[in-house]
Structures are given as C-alpha cells and as structure tokens.
Amino acid sequence: MTVFTFVAKAGDISRIARIERAGRDGEGLLTGFQRPQIAAHIREIRDYLEKPSAILPNPIVVAFLGRAHLEPPARPGAASRRLVIDVTDGPPGWIVDGQQRFTALAGLHGRDFEVLVSGFLCDTEEELQRQFILINNTRPLPKALVYELLPQVGDLPPRMSNRSQAALLTEALNYRTGSALKGLIKQQTNPKGVIRDTVLQRVIMNSLSDGALRLYAGDDALLLDKGVGLISEYWHAVRTVFAADWDNKTPKDSRLIHGTGIVALGYVMDYLNGVTGAETRDEFAKGLRLLRGKTAWSDGEWDFGSERRRWNGLQNVPADVRQLTFYLLQVIKTELAAQARAA
Amino acid sequence: MRFIFADSLDTIDPGYDFLADRNGAGRTIHRDDQYPHEFLDDAPYDGILVSRGIVGDARHPGKYSEAQLMRFRREGARRFLRYPETRFPGSMMMGDCGAFTYRNLPAPPYSAEDTAEFYADGGFTHGCSPDHLIFDFDEPGADRSITDVPEDVRNRYEITLQNAAEFYHAGSRLGGGFTPMGVIQGWSTASMADAARSLADMGYDYLAIGGTVPLKIDQIRRVLAAMRNALPSRVRLHLLGFGKIEELSALEEFGVTSFDTTSPLLRAFKDAKKNYWMRTPSGDLSYYTAIRIPQATENNKLKQKALEGSLNQEDARLLEDAALKGVRAYAAGGATLEQGLDAVMDYWAALNWDEEVSPSRRADAAAKQRKVYADTLTDRPWEHCGCRVCREAGVEALIFRTSNRNKRRGIHNLHVFHTHLSEFRQP
Ligand SMILES: [Zn+2]
C-alpha cells in the first residue's frame, strides 16, 4: 500500500475528504465506520487551538479508494510526487483518524492551521476498514499515570484542572518532609504506598469544592502552603488518635487506611475545621478523640443505630461512605453538644 | 399568600457565553453559579422549600453531590443556598421529606427523629412531618370509609398520622425559631378532613396538604373547603406542590397561607408550549413558546439519527448555525421575520424528519409550528420585560437550548409569577 504525507488547511482537507459515520443503508447494509462527534471533546480541542501556543503535531489520516493517484516522480529518485485527486463528484477521501480534531479545526475562527495529513491509497473497502480499526484501537494511558503527570502541566482543560490541583497536593503530601502521609500514598511511581492516590485525591477534591480547602481553591501557591499544611496536620492527628488502627496496617486489615475510612475522615476534617475552627494537629485531635471507643476500624462492629456492620463489612461504595460519614459526624455532634451544655 | 419555591439546585452561570455556548472562563460549579434570588434584582419568591429527597442522606442519594450533602448538613440551608435571613427578612426556609422520591417504598425511609435532625442541621424555619403519598382519590359522593380502602392506602394514611404525632414532639425540641408542620394525606375529602382534625389535636397550628399534584382544581377546591370546615381558623394551611397556578383564586378564597411550586421554572423547558410567561395589561398570565434550536451534536434525537446513519452531522451543524444566526439577526433588526423563520424551520425539518410520515402531514406540522414560532418572534416579548434575564440575555432566553438558557427563562417566569401574585393580592 502506498503511504504519503502532505500539509493542508482544514478548508482544503474538507474538499478532498469527508467523514463517513457508521450507519445502515436502505437494505440494512453497514456503511462507513466513524463514530458520531463528541461535542465536549471537540470543544476542548477548540479551546486549546484558540491559544496562541497551540500546535497540532499528529496528522489527520485520510484514505482514498479510487479517484486519487500519485503521479510518477518528476525525475527518477525524487522524494516528492504529485497527488492528483478528482473532486468533481465531491470529496473522494475518508477521514480515518482525527475526525474530532478535524471538526474542531473546521469550526475555528481567526486562525488557519496547517496540519499534517497522512494519506494512503487502498484497493478495497475492507482494507480501508481494517486500517480504521488498527489505527483507532490504541489503549489509553492508565488514568493514575495521567493524574500523576497533571501537576507538571499548566493550561489544562477545566475538566482536568480540579484533578490536577488534587494531584499536586497529593504529590506534596507524599514527598514533603514532615508530611503526615510521607511515603504512604500509593502512586504509579510509589507502588509501596498503602493509601491509594485516587482516594486521597477524592478527599482533596471534596474539600476543594465544599470544604476547608475552598478558601484556597484556585491558588496553587496557597494550596501548596496552607492547604497541604492543613491536611498534613489533620492526618497527624488521625495517626495519633487511632494509632492502633494505623501503624503498620494496610487497607486489608484496617478500614482507616481504606478508601471508605479515608474519604469519610476527609469529611470529618471539613466538619471539625468548619464547626470548631480546628487547624492544628492538637485542635484536630481534640475533635477526633470524641470518636474514641465508638469506632471499629480494624475489628469489632460499627453500631449505626438502624443497623450493625462488621468492621470489614464496609466497602468503598458511595452508600457505605455516606453511612460511615453520617455516623462519625453524628457522634462528634452529640459530644460537642454535650460539652456545650456542660460548659 | 406566600409563594415558596421548591429548589433542586436550580442555578445558572451568570457568565455563560451564549455565542460560544459555554460557561464563563474558570467557572466553578455552584460557587460561581447563582440562584434565582441572587441573579434577579429582587427575590422572586417568599421562601424556599428544600426536600430531604433532593439533598440525599446516608441511605438515599439525592441530587446533591456527596460533598454538597455534607456541606449542606454542616452549614445549613441558608448558607448553602446563600439565602440569609438578613437579606431576605421574614422569608421562610422550609423543609420536607420529598415524599414523591420514595413513593414506591412500603414506608418512608425516614423517621420523625432523623427528620427533625435534618431540619436542625439545616436551620429550617418550617419543616413537614414525614408523610407517605396516597394516590387514590374518591369522586364526590363516593367516599370510601377507612375499612373500604386497600390495605396499602390505609397503611400510608396511618403511617403519615403516626409520624406526625412523633414529629410534633421531636420538632418541639428545635426551639421557638422552628414551626413544625403536620402533613395531611388522604384518599377523599372526608379522610383528609379527619387527618387535619387529628393533626390540629396533636398541637399543630400549621398544616401542609400533600398529594394534591394529580388533583384537578375542583377537587382541590373541595379539599380546601373540607379543611376549612374541619379546622379552627387559627390553623394555617400550606399547599404542597401546587401545579395549577392559574387558579390562585381558589387558594385565596379558602385562606391558604402559603403554597410551594416549581411550575414557573419547570414549564420553561418541560411544557410543550407555555415556556415564556408574560402578564397581560388586564392582569392575566399569558405564554409564548420558546424556539427550539437544540445543539446538533448533543441532542439525543439527532445523535440517534447520526448513529443510524440517517443524518449527516456536518449538515445538521450548518442548519443549527443558520437557525441561531437567523433568530439573532431578526432580533437585532438585521433580518426579516420570514428570513428568521425560514432558518429555524429548515433545522426543524431535519430535526423532525420521519420517513414514516406522509409529505402532506409533514407540511401541515411544519406550517403549524411556523405559526407558533411566528407568534413568539413577532411580539418580541423579551423587549417588554425588565428583569435581569431579559435585559442581559434578550432573545437568547427565548431559545430552547442548553440548561443555562432554559433555566434563565424559568427564572424570568418566576419573576413574572411573583409579580403576578403580588398584584393579584391587591384587589
Ligand atoms: Zn424577563
């Protein structure tokens, strides 16, 4: 099969190639192969392309099945050849890869990008479909690795920037001297950690949107200073108050290290900060001690009033996280009210 | 008569960009969004109703995210909704359990105790006892006695009364700033009157009438009349989920103190025709139909067609773009009414193309739709309203497309309805 490459603008590409989405004709036969446009994806690409620094290094792939040919080289051994395309009956080529990019480019005002086009000529439709499948059957990067890379990269789509801030704080908590969680967070690059990075990121994102970190959201410097400080102080307090359930434990033998406990305790942090104003490890510990004797992190049973649950009966599912959080907050609230009455 | 708005996170992004169809730069969900009382110059209601079913709790997720749920319980309703008493003096902050969300369960998932807890955390001024919906309703003269109704109906009736009895005590611990409201459920006017009397005997002096959503206005009138006969005049009445808002006079006549509804907001995008509200000089509500120009790549109907291969998405996008430009050009005076309508109807035709339908029927439907849209565009209603929605969004608020436009139109409707209600009160 002949493969070639050239440079063109979106408007030129639309004259020689089209997007043919998978569908059925009148007889029920399958035609085309592309999936429909993904609006959010296209918008993200367009937002990116509107930035002055934008580049589009990967090519749009176009296939021709007839109505296009390469002329013989002008002189023997010449590297470039002329591609001749017959557009009298409309664009004869198919966009095999890059339809979302191409659509984003087509809707772009003000900037006229030159993009690389990789083309090939094929003899049968079957060959065309095979190439489509092969080209589009790549495996995406593992999410955890993408998250870990995010803090290195500025100027990301908003969808990623919340996660990026959370990843930034997670990284700081895992590697900063004096951090309560130093070395304990399991990341792609720290497989020995015990607390899953995505779990801690969830705690941070919850707090960024609706909790104590809301104060610092949007300011990376402040987050890295005050934000990381606050979380570290809190987990210092957790480690001290629940030492027996923390030291040398793994998620398998303590729900305190497990997603369920970590996320629920994240809400406890927001509660203690919001209601008692706690910021230091001593202030947090004061609040956490109210839970002593009422927890079953690594053995025994939780008494949720309406039901009892074995310590390892709690799973990292939303219902269990809410159940545990409501219980912990209820205990603290009741104790705080009793203290207030006594005072 | 006080109008309470039943909220379910009905916010808009004030920085929404209509031309690019996207949120304002750097917008953060909820923090940067605005509730109707924040967006408009004056709050378009006299109080807000928040349901437990919407907020969610330990065992039942609601519409709030988990983090929002925790914040709501921590900070209370007024802070979460940014609806402080200081800025909205005398406003009601009312709670209920959202009986519709658990209508299919044998019993409410909430107890009197944990409901009072929810109201305490939320700092509510008013809260309803945990009720259970009854859907049956007897025609006049065919009242069944309690022994004649199915067991499920009887259970729901008794659970509602039992909960109310327990809730009266649980609620009284919340202090003087809180008014407990007993909820009435029944299958007939007589059973509802009996329930009302029992609730008044328990000590309630503010009752909420539930289960009236499916009732016709004459049934509601009969219920209200029965209430007034059964109750001492000191007892105030609230009508839960009042949808027949054209019939305010019925509420007035029977001395209803308050009612809640989402109708003005929801009809902006759930009603087939009555999307944009106006008040006529003679003091009635009148309506315009919003112009549907859905997003070609996000509309489910169009996506479906693209998946089947019966619609080319690039073509649809061109038609969509032309329709938007046509309406905007007409609004700005750069195109005639017919030009605007042509563009809108070209897209309409692609959107509603159905090969099963005969060409003549298709032409009839198109002509009818064109007339409806012509009425909206000819009168240019967005130029006759001074609310912030119309001032800022203009014709965009009349375009049926994306939640930010549709909810804006709903917020305009709230403004119109609240104005209508306050004028209505003055004879
Ligand atoms: Zn308006």
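For chain B, an unreviewed UniProt entry supplies the name tRNA-guanine(15) transglycosylase-like domain-containing protein and the organism Phenylobacterium montanum.

Caption draft 1: Molecular detail of the overall build of chain B. Within chain B, the regular secondary structure consists of 16 helices and 12 strands. The globule rule puts the C-alpha radius of gyration for 427 residues at 22 Å, and the 24 Å found for chain B is close to it. In terms of overall dimensions, chain B has a C-alpha envelope of 65 × 50 × 50 Å along the principal axes. Taking all 427 residues of chain B together, the buried fraction comes to 55%. Within chain B, counting contacts between residues at least 6 apart in sequence, those at least 24 apart form 71% of the total. The centroid of the 53 positive side-chain charges in chain B is displaced by 2 Å from the centroid of its 60 negative side-chain charges.

Caption draft 2: Quick look at the packing of aromatic side chains. Residues and elements named next belong to chain B. One pass over the structure, following the stated rule, counts 34 aromatic pairs over all chains. Ring centres of Tyr 16 and Phe 18 lie 5.6 Å apart, and the angle between their planes is 65°; this geometry places the pair in the edge-to-face category. Judged by its relative accessible area of 10%, Tyr 16 falls in the buried class. Aromatic pair Tyr 157 and Trp 187: ring centres 5.0 Å apart, planes at 65°, arrangement edge-to-face. Taken together, the residues Tyr 157 in helix H6 (residues 151–172) and Trp 187 in the loop between strand S5 (179–184) and helix H7 (189–202) connect sequence positions 30 residues apart.

Caption draft 3: Main features of the sheet that holds strand S6 (residues 206–209) of chain B. All names here are of chain B. Sheet architecture is closed into a barrel: 8 strands sit in the order S1-S2-S3-S4-S5-S6-S7-S8, paired in parallel fashion. Neighbouring strand axes in the sheet, compared pairwise and without regard to direction, differ in orientation by 25° on average. Relative to strand S8 (residues 258–261), strand S7 (residues 236–239) runs parallel, the two being bridged by 2 bridges. Paired with Leu 239 across the bridge in S8 is Phe 259. Along the sheet, H6 makes contact with strand S4 (126–128) and S5, crossing S5 at roughly 170°. With respect to the sheet, H7 is in contact with S5 and S6, its orientation differing from that of S5 by roughly 155°.

Caption draft 4: Region of interest: unusual backbone geometry. Residue and element names in this part refer to chain B. At Leu 9, a residue that is not glycine, the phi angle is positive and equals roughly 55°. Classification of Leu 9 as buried rests on a relative accessible area of 17%. Its identity as a non-glycine residue notwithstanding, Asp 21 has a phi of 55°, on the positive side. The residue Asp 21 is located in the loop between strand S1 (2–6) and helix H1 (36–39) in this model. The class of Asp 21 is buried, set by a relative accessible area of 7%.

Caption draft 5: Quick peek at the coordination of the zinc ion. All names here are of chain B. Cys 385 (SG), Cys 387 (SG), Cys 390 (SG) and His 412 (ND1) make up the full set of protein donors to the zinc ion, lying at 2.1 to 2.3 Å. Seen from the zinc ion, its 4 donor atoms lie at angles of 100 to 115°, and the figure they make is tetrahedral. Motif for the zinc ion, donor spacing along one chain: C-x1-C-x2-C-x21-H. Residue Cys 390 is found in helix H15 (residues 388–393), and its partner His 412 is found in helix H16 (residues 402–425); the two are separated by 22 residues along the sequence. Note on accessibility: Cys 390 and His 412 belong to one class, buried.

Caption draft 6: Local environment of the nonpolar core. Formed by 187 residues in total, the largest nonpolar core has its most connected members in Tyr234(A), Trp235(A), Leu265(A), Leu288(A), Leu328(A), Leu81(B) and Phe259(B). In this structure, Phe259(B) is in contact with Met1(B), Arg2(B), Phe3(B), Ile4(B), His238(B), Leu239(B), Phe242(B), Leu248(B), Leu251(B), Phe417(B) and Leu421(B), ignoring residues within four places of it in sequence.

Caption draft 7: Inspection of the packing of helix H2 (residues 39–49) of chain A against helix H3 (residues 99–106) of chain A at higher detail. Residue and element names in this part refer to chain A. Where H2 contacts H3, the two axes come as close as 9 Å, and the packing angle between them is 55°. Relative to H3, H2 is oriented oblique. Viewed along their axes, H2 and H3 form a crossing whose handedness is right-handed. Contacts between H2 and H3 involve His 41, Ile 42, Ile 45, Arg 46 and Leu 49 from the first element and Gln 100, Arg 101, Thr 103, Ala 104 and Leu 105 from the second. Tallied by class, the residues present in the contact of H2 with H3 amount to 5 nonpolar, 3 polar and 2 charged.

Caption draft 8: View of the interface of chain A and chain B. Each partner contributes residues to the interface: chain A has 35 residues there, and chain B has 31 residues. Roughly 2700 Å² is buried in total at the junction of chain A and chain B, and carbon and sulfur atoms are behind 45% of that figure. Of all residues in chain A, Asp210(A), Arg322(A) and Phe326(A) bury the most surface against chain B, accounting for 25% of the area lost on that side. Applying the counting criterion to the chain A and chain B interface returns 7 salt bridges. Note that Lys333(A) is salt-bridged to Asp121(B), the shortest N-O span being 2.7 Å. Counting across the chain A and chain B interface gives 13 residue pairs in polar contact (both at pLDDT 80 or more). Those elements giving two or more residues to the side of chain A that touches chain B turn out to be strand S3 (23–24), H2, helix H7 (197–210), helix H10 (259–276) and helix H12 (318–342) of chain A. Per-element tally for the side of chain A that touches chain B: the top contributor is H12(A), with 10 residues. Taken together, the residues that form the side of chain A that touches chain B break down as 14 nonpolar, 10 polar and 11 charged.

Cut-offs applied
- Residues numbered from 1 in each chain as written.
- Chains lettered and ligands numbered in written order.
- Predicted model: local features only at pLDDT ≥ 70, side-chain atom pairs only at ≥ 80, totals over all residues.
- Heavy atoms only, no water.
- Helix = DSSP H or I, 4+ residues; strand = E, 2+ residues; numbered from the N terminus.
- Rg over C-alpha atoms; globule rule 2.2 N^0.38 Å.
- Buried < 20%, exposed > 50% of the residue type's maximum accessible area, 1.4 Å probe, protein only.
- Contact = heavy atoms within 4.5 Å.
- Lys, Arg positive; Asp, Glu negative; His and termini not counted.
- Charge placed at Lys NZ, Arg CZ, Asp CG, Glu CD.
- Phe/Tyr/Trp six-rings, centres within 6.5 Å; stacked < 30°, edge-to-face > 60°.
- Pairing = 2+ DSSP bridges.
- Axes fitted to C-alpha atoms, helices over the stretch in contact; angles between N-to-C directions.
- Donors = N, O, S within 2.8 Å, 3.2 Å for Na, K, Ca; no water.
- Tetrahedral: all angles 85-135°; square planar, octahedral: opposite > 155°, others 65-115°.
- Core = buried A, V, L, I, M, F, W, Y, C linked by side-chain atoms within 4.5 Å.
- Parallel < 35°, antiparallel > 145°, perpendicular 65-115°, else oblique.
- Left-handed = near helix turned anticlockwise from the far one by under 90°.
- Nonpolar A, V, L, I, M, F, W, Y, C, P; charged D, E, K, R; others polar.
- Buried area = accessible area lost by both parts, 1.4 Å probe.
- Salt bridge = Lys/Arg side-chain N within 4 Å of Asp/Glu carboxyl O.
- Polar contact = N/O pair within 3.5 Å; in protein donor to acceptor, adjacent residues only side chain to side chain.

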